Amino acid sequence: MSLTAGVIAVQGDVSEHADAIERAGAAHDERIEVREIRSDGVVPDCDLLLLPGGESTTISRLIHGEGIASEIETHVSDGKPVLATCAGLIVAAADAGDDRVDTLGLIDATVERNAFGRQRDSFEAELPVAGLDAPFPAVFIRAPAIRETGADVELLAEWNGRPVGIRDGPVVGTAFHPELTADPRLHRLAFFEPPNLTQ
């Protein structure tokens, strides 16, 4: 089977996510064609999407300006999966707590930008994640935290009592950067394991 994975490539860890989804697909005998998305017209051809980290205000401005935002919203309404990480989580949320971020409302959650500090406060942690058989080596860089979620949002992970990983329907959001490790399990969890929607 072959799947098309689109990486929103207006800013952020694009190549790292491309490598990670290819590794995750290989672990499930799936051939992945990766497409980098910088303009409209590509998202409708994708089976799954990745919304990387970066700078949330810049990402939100560019995806709306390029006509990509509405295509992402349609992708999710069609039940197709998305993995949104760090700034991608902020953009995907219902409320970024910052009027400069034009969010997509894909995840019924309110997030807090830079909740774990600035760049100098970045850290790594062995993070228990629901659905994984061992802790995940999570990389936190200027990481947001999830302040509130709707009743139907599933908690996947928390750190020091603060939610940092959630699932809302076909969308998985993390405050950390799973693409910056060699561990493909978070991408597998988002796209290839129940309750995934790609098979």
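The structure displayed is predicted, hence computed values, not measured ones.

**Here's the deal with the overall build of the chain**
Part 1 of the argument: The number of helices and strands found in the chain is five helices and 12 strands.
Part 2 of the argument: Taking 2.2 N^0.38 as the reference for a compact globule, 199 residues should give roughly 16 Å; the C-alpha atoms of the chain span a radius of gyration of 15 Å, in line with that estimate.
Part 3 of the argument: C-alpha extents for the chain along the principal axes are approximately 40 × 40 × 35 Å.
Part 4 of the argument: Looking at the chain as a whole, 56% of its 199 residues qualify as buried.

**A word on the pairing of strand β4 (residues 82–85)**
Part 1 of the argument: Every second residue of β4 is oriented toward a common face, with Val82 and Ala84 on one face and Leu83 and Thr85 on the other, all of them buried.
Part 2 of the argument: Inspection of the sheet shows β4 paired to strand β12 (residues 171–174) by four bridges, in the parallel sense. Within β12, the position partnered with valine 82 by the bridge is valine 171.

**Quick notes on the sheet that holds strand β3 (residues 48–51)**
Part 1 of the argument: The sheet built from seven strands is open, its strands ordered β2-β1-β3-β4-β12-β11-β10 with mixed pairing. Every interior strand has two partners, whereas the edge strands, β2 (31–37) and β10 (154–159), have only one. Each strand axis lies, on average, 20 degrees off the axis of its neighbour in the sheet, ignoring direction.
Part 2 of the argument: Examined bridge by bridge, β3 and β4 share three bridges and lie parallel to one another.

Quick notes on the rules
- Residues numbered from 1 in each chain as written.
- Predicted model: local features only at pLDDT ≥ 70, side-chain atom pairs only at ≥ 80, totals over all residues.
- Heavy atoms only, no water.
- Helix = DSSP H or I, 4+ residues; strand = E, 2+ residues; numbered from the N terminus.
- Rg over C-alpha atoms; globule rule 2.2 N^0.38 Å.
- Buried < 20%, exposed > 50% of the residue type's maximum accessible area, 1.4 Å probe, protein only.
- Pairing = 2+ DSSP bridges.
- Axes fitted to C-alpha atoms, helices over the stretch in contact; angles between N-to-C directions.

By themselves, these observations are geometric and do not establish any function.
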